[in-house]
Amino acid sequence: MSTQGLDEFAGWVEGLMRARGYDIDSPRGGGKSRIADEAGVHRAAVTRLLQRQSMPDLETMRRIAPLLGVSVRDMLIRSGRVTPEELPVAADLLPPSDWQPTMEDFARWLGVPDERMDVFVKVVNQFLDHPEAEAGEQRPAGESRRAAQD
């Protein structure tokens, strides 16, 4: 990591510490010791970061991030250790909230071959116990008769 990267990261962390009420500016303020104690890390790790001597290790970041009100993901990205693309947000990986998987989707996820797809769907629907399937109306996978009645 470059000196500029470390300086920017340390400045960002300093701002978070001050915003959370840690007195890191006065020698006897106790902020460095307090954050180290609350995070369960060595005071030296906090001091080295604030003096721009070294980047904290992953465990230190993992412990300090919640105290500063940020995610470990944000801390790792701001530190320059990873890019946002390397740590996608879980919501970016999920389908739209209104999407309901079909039996065919489940079959694909389970590795059912295309030539056996119809048999899979037919057999699974027999176990789902929903009368609408007999009438041609199929509930999305995972929705029980009880949930549909509510």
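Details of the structure are given in the entry above.
A.B. asks: Hey, could you run me through the overall build of the protein chain in this one?
C.D. replies: When helices and strands are tallied, the protein chain shows 10 helices and zero strands. When the helices and strands of the protein chain are read in sequence order from the N terminus, they spell out α-α-α-α-α-α-α-α-α-α. Within the span of the protein chain, comprising 150 residues, buried residues form 30% of the whole. Within the protein chain, counting contacts between residues at least 6 apart in sequence, those at least 24 apart form 42% of the total. Within the structure as shown, the protein chain displays about 10100 Å² of accessible surface, and the carbon and sulfur contribution to it stands at 51%.

A.B. asks: What exactly am I supposed to notice about the side chain of S79 here?
C.D. replies: The residue S79 is located in helix α5 (residues 72-79) in this model. Looking at S79, its side chain comes within polar contact range of the main-chain oxygen of L76, at 2.7 Å. Separated by 3.3 Å, the side chain of S79 and the backbone nitrogen of R81 make a polar contact.

A.B. asks: Please explain helix α7 (residues 103-110) as it appears in this structure.
C.D. replies: Each full turn of the α-helix corresponds to 3.6 residues, which orients residues three or four apart in the same direction. Residues of α7 that are buried: M103, D105 and A107. Where α7 is buried, its residues meet α8 (117-128). After α7 finishes, the residue G111 shows a positive phi value of roughly 85 degrees.

About the criteria used
- Residues numbered from 1 in each chain as written.
- Predicted model: local features only at pLDDT ≥ 70, side-chain atom pairs only at ≥ 80, totals over all residues.
- Heavy atoms only, no water.
- Helix = DSSP H or I, 4+ residues; strand = E, 2+ residues; numbered from the N terminus.
- Buried < 20%, exposed > 50% of the residue type's maximum accessible area, 1.4 Å probe, protein only.
- Contact = heavy atoms within 4.5 Å.
- Areas by Shrake-Rupley, 256 points an atom, 1.4 Å probe, with all protein chains shown as cover.
- Polar contact = N/O pair within 3.5 Å; in protein donor to acceptor, adjacent residues only side chain to side chain.

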